[in-house]
Amino acid sequence: MQLKIGNFYVKDIVFGEKLSFADGVLTINKEEAIAFILEDEHITECDIVIARPGEKKRIVPVKEAVEARVRLDGESLFPGVTGDLRMCGSGTIHALKNMSILGVGKHWGSFGDGLVDMWGEGQKYTLFGSLINLCLVIDTDEEFEQREQQKKNRAIRWAVHRFAEYVGKVVAELEPEDSETYELPPVTKRSEEVNKLPSVVLVMQPQSQMEEMGYNDLLYGWDLNHFVPTFMHPNEVLDGGIISGSFMPSSSKWSTYDFQNFPTIKSLYREHGKSLNFLGIIMSNLNVSLEQKQRSAIFVAQIAKSLGADGAIVTEEGYGNPDADYILCLVALEDVGVKTVGISNECTGRDGASQPLVTLDVKANALVSTGNVSEMIELEPADEVIGELQALARDGLSGGWPDDDELGPSVREDGSIIMENNAMFCGDMIAGWSTKTMKEF
Amino acid sequence: MKKVIHYINQFFAGIGGEDKADHQPEIREGSVGPGMALNEALKDAKVTHTVVCGDNTMGTDTEKATATILEFLKDKEFDIFIAGPAFQAGRYGVACGTICKAVKEEFGVPVLTSMHEENPGVEMFKSEMPIFIGGPSATSMRKNVADIAAYANKLLAGEDTGPADEEGYFPRGIRHQVWLKEPVTAADRGVDMLIKKLKGEPFETELPISARDMIPIAPPIKDLSKAKIALVTSGGIVPVDNPDRIQSASATRWGRYRIDHMDRLKSGEFKTIHAGFDPAAADADPNVILPLDVMQEFVKEGKIGSLHPYFYSTVGTGTTQREAARMGREIYEHLKEDQVDGVLLVST
Amino acid sequence: MPVVQLANLIPVAVTVGANKIVPTISIPYPLGDPATPKEAQHRLRKHRVEVALDALTDDAKEQTVYKVKI
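All of these numbers come straight from a predicted model, not from anything done at the bench.

## Some remarks on the overall build of chain C
(1) Moving on: When helices and strands are tallied, chain C shows two helices and three strands.
(2) Moving on: Start at the N end of chain C and walk to the C end: the helices and strands fall as β-α-β-α-β.
(3) Moving on: The proportion of buried residues among the 70 residues of chain C is 59%.
(4) Moving on: Taking the contacts inside chain C whose residues are at least 6 apart along the sequence as the reference set, 43% of them involve residues at least 24 apart.
(5) Moving on: When the accessible surface of chain C is summed, it comes to about 3,000 Å², and 56% of that surface belongs to carbon and sulfur atoms.
(6) Moving on: Positive and negative side-chain charges in chain C, numbering 9 and 7 respectively, have mean positions lying 4 Å apart.

## A look at the sheet that holds strand S4 (residues 25–28) of chain A
Residues and elements named next belong to chain A.
(1) Moving on: Ordered by their spatial adjacency, three strands build an open sheet running S2-S4-S3, and the pairing between neighbours is mixed. With partners counted over all chains shown, the strands left at the sheet margins are strand S2 (12–15) and strand S3 (20–22), one partner each. Neighbour-to-neighbour, the strand axes of the sheet open up by a mean angle of 20°, direction not taken into account.
(2) Moving on: Bridging between S3 and S4 involves three bridges; their strand directions are antiparallel. Note that in S4 the partner of Ala22 across the bridge is Val25.

## Examining the packing of aromatic side chains
(1) Moving on: Tallied over the full model, the rule gives 23 aromatic pairs over all chains.
(2) Moving on: Judged by centre distance (5.1 Å) and plane angle (90°), the rings of Phe11 of chain B and Phe12 of chain B are edge-to-face.
(3) Moving on: A centroid spacing of 5.7 Å and a plane angle of 25° characterise the contact between Phe12 of chain B and Tyr92 of chain B, whose relative ring orientation is stacked. Of the two residues, Phe12 of chain B sits in the loop between strand S1 (2–9) and strand S2 (26–29) while Tyr92 of chain B sits in helix H4 (residues 90–107), which places them 80 residues apart along the sequence.
(4) Moving on: Residue Phe12 of chain B is classed as buried on the basis of its relative accessible area, which comes to 16%.
(5) Moving on: Taking relative accessible area as the criterion, Tyr92 of chain B reaches 1% and is therefore assigned buried.
(6) Moving on: One aromatic cluster is present, built from ring pairs that chain together Phe128, Tyr257, Phe425 and Trp433 of chain A.

## Topic: the interface of chain A and chain B
(1) Moving on: If you look at the interface, chain A gives 58 residues, while chain B gives 41 residues.
(2) Moving on: Carbon and sulfur atoms supply 60% of the area buried between chain A and chain B, which totals about 4,500 Å² over both sides.
(3) Moving on: Remark: the boundary between chain A and chain B carries seven salt bridges.
(4) Moving on: The partner of Arg322 of chain B in a salt bridge is Asp351 of chain A, with the nearest N and O atoms 3.3 Å apart.

## Some details on the packing of helix H7 (residues 263–271) of chain A against helix H8 (residues 186–199) of chain B
(1) Moving on: Interaxial distance between H7 of chain A and H8 of chain B falls to 8 Å at its minimum, and their mutual angle equals 45°. Here H8 of chain B runs oblique to H7 of chain A, going by the angle between their axes. The handedness of the crossing between H7 of chain A and H8 of chain B comes out as right-handed. For the pair H7 of chain A and H8 of chain B, contact is made by Pro263, Thr264, Ser267, Leu268, Arg270 and Glu271 of chain A and by Ala187, Asp188, Val191 and Ile195 of chain B, respectively.
(2) Moving on: Broken down by class, the residue content of the contact of H7 of chain A with H8 of chain B amounts to five nonpolar, two polar and three charged.

## Quick word on the sheet that holds strand S17 (residues 242–243) of chain A
(1) Moving on: If you trace the three strands from one edge of the open sheet to the other, you get S15-S14-S17 (chain A), paired in antiparallel fashion. Of all strands in the sheet, those bounded by a partner on one side alone are strand S15 (222–223) and S17 of chain A.

## Focus on the interface of chain C and chain A
(1) Moving on: Tallying the contact residues gives nine residues for chain C and nine residues for chain A.
(2) Moving on: Summed over both sides, the interface of chain C with chain A buries roughly 770 Å², with 71% coming from carbon and sulfur.
(3) Moving on: It is Leu9, Pro11 and Thr15 of chain C that lose the most area in chain C upon contact with chain A, and together they represent 51% of the buried surface on that side.
(4) Moving on: Joining chain C to chain A, the criterion identifies zero salt bridges.
(5) Moving on: For the side of chain C that touches chain A, a count of residues per class yields seven nonpolar, two polar and no charged.

## Some details on the domain arrangement of chain B
Accessible area lost upon the coming together of the parts serves often as the stated size of an interface.
(1) Moving on: Taken domain by domain, chain B consists of domain 1 (2–167) and domain 2 (224–346).
(2) Moving on: Using C-alpha coordinates to define each centre, domain 1 of chain B is positioned 46 Å away from domain 2 of chain B.

## Let's talk about the nonpolar core
(1) Moving on: One finds Tyr7, Phe81 and Val103 of chain B to be the most contacted residues of the largest nonpolar core, which totals 56 residues.
(2) Moving on: Once residues lying within four places of it in the same chain are set aside, the contact partners of Phe81 of chain B are Ile5, Tyr7, Leu73, Ile99, Cys100, Val103, Val109, Pro110, Val111 and Leu112 of chain B.
(3) Moving on: If you look at the next biggest cluster of nonpolar residues, it comprises 47 residues, including Met262, Ile289 and Val315 of chain B together with Tyr29 of chain C.

## Focus: unusual backbone geometry
(1) Moving on: Residue Val60 of chain A is joined to Pro61 of chain A through a cis peptide bond whose omega torsion reads -5°.
(2) Moving on: By the element assignment, Pro61 of chain A lies in strand S6 (residues 57–66).
(3) Moving on: Backbone geometry places Arg245 of chain B, a non-glycine residue, at a positive phi of 50°.
(4) Moving on: Phi at Ser250 of chain B is positive, roughly 50°, even though this residue is not glycine.
(5) Moving on: Within the secondary structure layout, Ser250 of chain B lies in the loop between strand S9 (237–239) and strand S10 (255–258).

## Regarding the side chain of His274 of chain B
All names here are of chain B.
(1) Moving on: On the secondary structure map, His274 appears in the loop between strand S11 (270–272) and helix H9 (280–284).
(2) Moving on: Look at His274 and you get buried, because its relative accessible area is 6%.
(3) Moving on: Setting aside anything within four residues of it in sequence, one finds His274 in contact with Ser234, Gly235, Gly236, Ser248, Val315, Gly316, Thr317 and Thr348.

## What to know about the packing of helix H8 (residues 290–307) of chain A against helix H9 (residues 322–335) of chain A
Residue and element names in this part refer to chain A.
(1) Moving on: With their axes 9 Å apart at the nearest point, H8 and H9 run at an angle of 35° to one another. As H8 runs across H9, the sense of the crossing is right-handed. Here H8 contributes Leu290, Lys293, Gln294, Ala297, Val300, Ala301 and Ala304 to the contact with H9, which in turn contributes Pro322, Ala324, Asp325, Leu328, Cys329, Ala332 and Leu333.
(2) Moving on: Of the residues that constitute the contact of H8 with H9, the class distribution is 11 nonpolar, one polar and two charged.

Calculation rules
- Residues numbered from 1 in each chain as written.
- Chains lettered and ligands numbered in written order.
- Predicted model: local features only at pLDDT ≥ 70, side-chain atom pairs only at ≥ 80, totals over all residues.
- Heavy atoms only, no water.
- Helix = DSSP H or I, 4+ residues; strand = E, 2+ residues; numbered from the N terminus.
- Buried < 20%, exposed > 50% of the residue type's maximum accessible area, 1.4 Å probe, protein only.
- Contact = heavy atoms within 4.5 Å.
- Areas by Shrake-Rupley, 256 points an atom, 1.4 Å probe, with all protein chains shown as cover.
- Lys, Arg positive; Asp, Glu negative; His and termini not counted.
- Charge placed at Lys NZ, Arg CZ, Asp CG, Glu CD.
- Pairing = 2+ DSSP bridges.
- Axes fitted to C-alpha atoms, helices over the stretch in contact; angles between N-to-C directions.
- Phe/Tyr/Trp six-rings, centres within 6.5 Å; stacked < 30°, edge-to-face > 60°.
- Buried area = accessible area lost by both parts, 1.4 Å probe.
- Salt bridge = Lys/Arg side-chain N within 4 Å of Asp/Glu carboxyl O.
- Parallel < 35°, antiparallel > 145°, perpendicular 65-115°, else oblique.
- Left-handed = near helix turned anticlockwise from the far one by under 90°.
- Nonpolar A, V, L, I, M, F, W, Y, C, P; charged D, E, K, R; others polar.
- Domains from an automatic or database assignment.
- Core = buried A, V, L, I, M, F, W, Y, C linked by side-chain atoms within 4.5 Å.

Quick look at the structure:
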């Protein structure tokens, strides 16, 4: 399976006459673009705002991020979501780099939504602070969940996915600046040199803990709550086979942008044929009862063992009770002789003194830590807020609060904020971007 | 100029060895003994006073000695309190830890000390304050003093301090996120760690997990039919108006509610305020979290002697370990006072 | 004072050092599945609470997760 991604590096985004891309500048016809988004009858209002790194802009509540792309065979980017099912992972894609499309609530936030700052102290807390963001600021008629802490955010999430296709088409006919090729032959058909190297799988545990449908990550449009682990080609993930959901505290989330560019997959590809033999991905999930957690761990360990994996990297989209899934999976793999490394964040509390994961096991002896969800962050006011700042305090975002005996409200009158890292949009960058770690003090 | 008060024992004050270990606490102006090296290493600060106390006095008459020293300090202005270095001297190390902890609690100033890793004071006090990793004997005096002073200089200048391994003190069990100076991504760190592990080369986990210490098991109840049993839950069951305003996440409050006049918890009278799960089932029938109905049946059947007339409740989601431990201790005090024999704790 | 923890996430209870643990059926409804009849819920709840009460009398020497029948 071979996937070729041609890259177009975006230097700026501007509004203008015609949707076009030239000399690194992406031009959007705002009116036409908004008309396209409003084709969804559930979207009642939409504005498009550009946020560039360095501008004193704060974006909240951010629900989803997607990379704009086009498939040269004309197929949809997200099978089972924006188009018919097809097998993901091969063919040629053109991608607009250095930018993302963000889905932002015009008013209403929810538990899993996050914040992005484009400048200063707050910029480093998210990947998206250093990308040019095309923000779709949307209100919808989904009144049934307007006052709910948990929201499916369906209209906004789907708008972002559809809009990524709308924008991506602009580079369909153009020549990319450079390109990357991702190719792995079938596991039993590899060269002798590659077969001699230690075999490695990546185990992904995307978020799937809501028992009601509509909140979880979707694999080919399928809700991962109703799922047992399976073996996948890494290209399927890079090529839109999986999209992000709307549940987990934001800093622990994987956005669709993360899936499309998953750094841990790319690092394993880079070492493939050199220091290891990258067999592929065991796609697992995260669950709410012990039996479900154990069942998934058993499937993962069995698949890894049967494939002949010598090593595995396990990574989870979450913290709290998902740590139980994470540790169970690491231990199940170690128990069948597969050497493991885990990549996740920690929750040590605001004081840093709490137990870092809810379950611990000495067999999990090689862990990468990407951040602390409960780190306290205080930030100055922005010149411009994209979305609605009060959402952070009012709507039950995991890292915000309406009021606190000691700290006061998350959003202060002057527009400055105090929050937990929890609400930084995909802030712990567990997909592998994170240059944070955890240290003892 | 910032002010430092320094604590040393009778030996380093030049008073004498073992024969003078019962030396009573005293305070002198200026620096004494190791305080001179400390003075040299401090930037915009100096040792204004030195407290001297015999190791045996601190060890055997701890409360009185501590009170006397705190009394000495009451009218003094100081920005930081430093004790030792204590090297491998056990009693001296414990004395340094004891007095540092007391000064921190009484005056709220930063406290620092230094000990060798085998000093029993390390295990006793390392979570309370930065204890710098010191040498076994006074031959490493200059270096150990310099390490403390370097950190003190940063604190006094209001500069950021680094993690324990960079600063050179024993980790306090406090973990915070930091950005790596060499920005290697988690993806690359993970792959690199796996390659090393597969090759059998040494690697360093970013989250060390050590084998757990066993928590002692309480002696069992001998005769259940005479025992008084209490129900406790972290599942957030409260009267519908949540009279104690227990938070639905990151709880710091708990409540106790009378139940001896009911056969079961009724929907509409009790509910859950826990934000971490779908409350529908427990709101419809609170007994699925707090099993009052079956407990009352066990009382009637004589299986248990009696049910404690109150149940205790809080919320266990996002709750820090420190708060949870405090609430646990507070609840235990009540249970002990009411002579409860055993507890069923239902968690969600 | 002996304590028995009734918990669904056994690994969490084990990690934090609970010494006597009785499994429950889920996080939101530890002692009665709302999808089953009231009598079945009661039977399950009574059984598991009884196991927990008996565990209070057990002279266990190490961390123990007690077996339940229903």
